[in-house]
Amino acid sequence: MTDIRGATAIVGVGTTEQGQFPGLSANEIAVDAIELALADGGLTKADVDGLITCQNLRSHIGTDEQIGLLAGLNPKFSATLDYGTGNFSLHLAVMAITSGLAETIVLCYGTNQRSAKVNFGVAVGGGADFATISGLVHVAGPAAMAFRRHQHLYGTTEEQLGWVSVAQREWAERNPAAIFRTPMTIDDYLASPYLVEPLRRPDLTMISDGGAAIVVTSAARAADRPKAPVYVLGMAEQTALRGDQNPDNLMRPWLGDVASRLWSGSGLGPQDVDLLYIQDATSVWVLQMLEWYGFCKPGEAGPFLAEGHTRPGGSLPVNTNGGQLSESYMWGWLHLCEAVRQLRRECGDRQVDGPEIAVDCSSHDFLKGAASILSTHR
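The sections below set out a description of the structure shown in this document. Because the structure is a prediction, the values reported are computed rather than measured.

**Regarding the overall build of the protein**
- Along the protein, the regular secondary structure elements total 13 helices and 11 strands.
- The C-alpha extent of the protein, read off along each of the three principal axes, is 55 × 40 × 40 Å.
- The proportion of buried residues among the 378 residues of the protein is 60%.
- Sequence-distant contacts in the protein: of pairs separated by 6 or more residues, those separated by 24 or more amount to 76%.

Written as structure tokens, this is what we have:
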């Protein structure tokens, strides 16, 4: 097995403004992000020999052919992932570089889903037909059921879950790029109406326009970049493509398989992590991943959150950008960019003191999961 620890590094990140930008196509936004990421890494298009793009939800927008043409790139290697959230795209880039297909790859995602009024009221995945019959046409439905299951098993309360949203809003207040920055207390959260009981509006991500890009290169090429390289020290994935054929799939126990391989492959563990990023299409995902990745024991995430560990000043800063719940809905791409900026000490008022290790966890709802370990040290 190839040892990928420290073989590649992120040397540039770029994020556009987030919100609503009528008149710009998703591909134009993605190219804007590419230009920002290259500038951040002190690179030009001539330095790029790889391109990985992330296709927009339920569309054929965002392919490598489209982005390459618009950006003026003609790389040795290119690919498009249908579900290419940050970690999945990052892992493909690491594999391409370590196998010799390319040396410097730009990864990107751009979307105008808010301006284009994309319909999210359609179930996705291999079991979409069965979900639709049951009325589960949005992730909020099965996420609500997942939280009910957690409540049944462990007695977790709605107030405890609410601390996910409250903590991330506190981080977002310090992030000028965040869309939702209005202060929110736990009482404000509990006063919010249900959307899909027991989940409230703050438990679910917003829809937004925006773009993000990341430049990944070999460790050798990373050494002479203007900013500190952020090395990939570990990565792991696991699918759950059998859907509800998997036992207790609402709880997503297969995320524990991702965590197990992540820790064993890197020689690190939860105790080594200074920053944690969890792709939070719903607050329930944060609750689950805190447990499956070993940051607390099964059933203890509720009290862990209520004790303030994930808040500013807490023992485990989580989603210091505000996450998808408060910063912007970008399929986890902004989490990865934030992790890099925090490790490079560039985050101003929300900068965590002296972080060295960050973990970024992604999941495609009930279908697959992925995670990466990042550090400025090899």
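**Focus on the side chain of Glu-158**
- By the secondary structure assignment, Glu-158 is in helix α6 (residues 158-172).
- Engagement of the side chain of Glu-158 in a polar contact is seen with the side chain of Arg-200, the distance being 2.8 Å.

**Focus on the packing of aromatic side chains**
- In the structure shown here, the tally under the stated rule is six aromatic pairs.
- With a centroid separation of 5.5 Å and 5° between ring planes, the pair formed by Tyr-109 and Trp-331 is classed as stacked. Of the two residues, Tyr-109 is situated in strand β4 (residues 104-111) and Trp-331 in the loop between α12 (323-326) and α13 (333-343); the sequence distance between them amounts to 222 residues.
- A residue is classified by how much of its surface remains accessible, and Tyr-109, at 1% relative accessible area, is buried.
- Residue Trp-331 is classed as buried on the basis of its relative accessible area of 2%.
- Ring centres of Tyr-109 and Trp-333 lie 6.3 Å apart, and the angle between their planes is 15°; on these two criteria the pair is classed as stacked. In this pair, Tyr-109 sits in strand β4 while Trp-333 sits in helix α13, placing the two residues 224 residues apart along the sequence.
- With a relative accessible area of 0%, Trp-333 lands in the buried category.
- One aromatic cluster is present, formed by Tyr-83, Phe-88, Tyr-109, Trp-331 and Trp-333 through successive ring pairs.
- Here Arg-174 stacks its cationic end above the ring of Trp-171, 5.9 Å away from the centre of that ring.

**Comments concerning the state of the cysteines**
- All told, the structure shown has zero disulfides when counted by the stated rule.
- With no disulfide of its own, Cys-108 has Cys-54 as its nearest cysteine by sulfur position, at a separation of 8.4 Å.

**Considerations on the environment of Asp-49**
- Inspection of the secondary structure assignment puts Asp-49 in the loop between α1 (26-40) and β2 (50-54).
- A relative accessible area of 11% means that Asp-49 is categorised as buried.
- Expressed as a C-alpha distance, the spacing of Asp-49 and Cys-347, which sit 298 residues apart in the sequence, is 30 Å.
- A distance of 2.8 Å separates a polar atom in the side chain of Asp-49 from the backbone nitrogen of Thr-104.

**A few points about the packing of α1 against helix α2 (residues 64-71)**
- Remark: α1 packs on α2, axes separated minimally by 10 Å, with the N-to-C direction vectors making an angle of 60°. In this view, α1 runs oblique relative to α2, as classed from their interaxial angle. The way α1 lies across α2 gives a crossing that is right-handed. Across the interface between the two elements, Asn-27, Glu-28, Ala-30, Val-31 and Ile-34 of α1 pack against Gln-66, Ile-67, Leu-70 and Ala-71 of α2.

**With respect to the pattern of salt bridges**
- Tallying each qualifying case throughout the model produces 13 salt bridges.
- The closest approach of N and O atoms between Arg-5 and Asp-3, which form a salt bridge, is 2.9 Å.
- Taking relative accessible area as the criterion, Arg-5 reaches 42% and is therefore assigned partly exposed.
- Take Asp-3: its relative accessible area is 47%, and that puts it in the partly exposed class.
- Close ionic contact of Glu-158 with Arg-200 constitutes a salt bridge, the shortest N to O distance being 2.8 Å. Of this pair, Glu-158 sits in helix α6 while Arg-200 sits in strand β6 (residues 199-200), placing them 42 residues apart in sequence.
- Judged by relative accessible area, Arg-200 falls into the buried class, the value being 5%.
- When salt bridges with common partners are traced through the structure, they connect Asp-40, Lys-227, Arg-344 and Glu-346 into a single cluster.

Cut-offs used in this document
Residues numbered from 1 in each chain as written. Predicted model: local features only at pLDDT ≥ 70, side-chain atom pairs only at ≥ 80, totals over all residues. Heavy atoms only, no water. Helix = DSSP H or I, 4+ residues; strand = E, 2+ residues; numbered from the N terminus. Buried < 20%, exposed > 50% of the residue type's maximum accessible area, 1.4 Å probe, protein only. Contact = heavy atoms within 4.5 Å. Polar contact = N/O pair within 3.5 Å; in protein donor to acceptor, adjacent residues only side chain to side chain. Phe/Tyr/Trp six-rings, centres within 6.5 Å; stacked < 30°, edge-to-face > 60°. Lys NZ or Arg CZ within 6 Å of the ring centre and 35° of its normal. Disulfide = S-S within 2.5 Å. Axes fitted to C-alpha atoms, helices over the stretch in contact; angles between N-to-C directions. Parallel < 35°, antiparallel > 145°, perpendicular 65-115°, else oblique. Left-handed = near helix turned anticlockwise from the far one by under 90°. Salt bridge = Lys/Arg side-chain N within 4 Å of Asp/Glu carboxyl O.

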